[in-house]
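# Chains, contacts and geometry: an overview
Listed here are the chains, written in short residue letters.
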Amino acid sequence: MGVLADEESLRLARRVTFGQDIVVSYQAVGLVRSPCNLGGERTYFICSGVGSGHVCGRRVVKLYAARQYFLCRKCLGLAYASQNEDAWGRAQLRASKTRRRITRDPDINASLPFAKPKYMHWRTFSRLHAEADRAQACMHDAFVQKALKCF
């Protein structure tokens, strides 16, 4: 892989193997700078993917290597793992996440402690405890709905 950079763009050269064929692809990726709220600036890539007859042109932080080009998540049709979960899976993730903030243990079957972690405010502990209870109830409801669909 090779990279040439200037103020407004990157020129990328990449060798890709398709079976026994070796293809060298060249791609120009635009760069845009945006000012940050507390000073300085942040640089973004401009996606050069083409889909549905138009150039994407999205401002993105990451580009992903796929096939022979670097494109954004939308152009590649990539999804986050949680987007492929059903309601029960999402409820499990939510319950595990809130539980980890209290106990550092993601086991959703263990009981929640009544003692708050050191350096955590009581108000935060109470809120997280209530969130964990709601997430647990939501998880059980989603499981029941999932089980009823099977019968």
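Reference entry: report on the structure contained in this document. Each chain carries its own residue numbering, running from 1 in the direction its sequence is written. Residue-level local features of this predicted model are given only where pLDDT is at least 70; pairs of side-chain atoms are given and counted only at 80 or more, and the full residue set underlies all totals for whole chains, interfaces and linings. The basis for every side-chain value is the complete set of heavy atoms in the structure, and neither hydrogens nor water enter the calculation.

### Concerning the packing of aromatic side chains
Between rings of Phe, Tyr and Trp, where Trp is taken as its six-membered ring, a pair exists when centres lie within 6.5 Å; planes separated by under 30 degrees are stacked, by over 60 edge-to-face, and by other angles tilted. Within this structure, the stated rule accounts for 2 aromatic pairs. Where Trp 88 meets Phe 143, the ring centres are 5.4 Å apart and the plane angle is 50 degrees; that geometry is what we call tilted. Of this pair, Trp 88 sits in helix H2 (residues 87-103) while Phe 143 sits in helix H3 (residues 122-150), and the two are 55 residues apart along the sequence. The partly exposed category is assigned to Trp 88, whose relative accessible area is 24%. Categorising residues by exposure relies on relative accessible area from a 1.4 Å probe, with only protein chains included: less than 20% of the type maximum marks a residue as buried, more than 50% marks it as exposed, and the intermediate range marks it as partly exposed. A relative accessible area of 43% places Phe 143 in the partly exposed class. Taking 5.7 Å as the distance between ring centres and 85 degrees as the angle between the ring planes, the aromatic pair formed by Trp 122 and Phe 125 counts as edge-to-face. Highlighted residues: Trp 122 and Phe 125, both in helix H3, separated by 3 residues, approximately one helical turn. Taking the ring centre of Tyr 44 as reference, the NZ or CZ of Arg 59 above it sits at 4.2 Å. Numbered from the N terminus, helices here are DSSP runs of H or I no shorter than four residues, and strands are runs of E no shorter than two. In this scheme, the term charge over a ring applies when either NZ of a lysine or CZ of an arginine sits within 6 Å of the ring centre and within 35 degrees of the ring normal.

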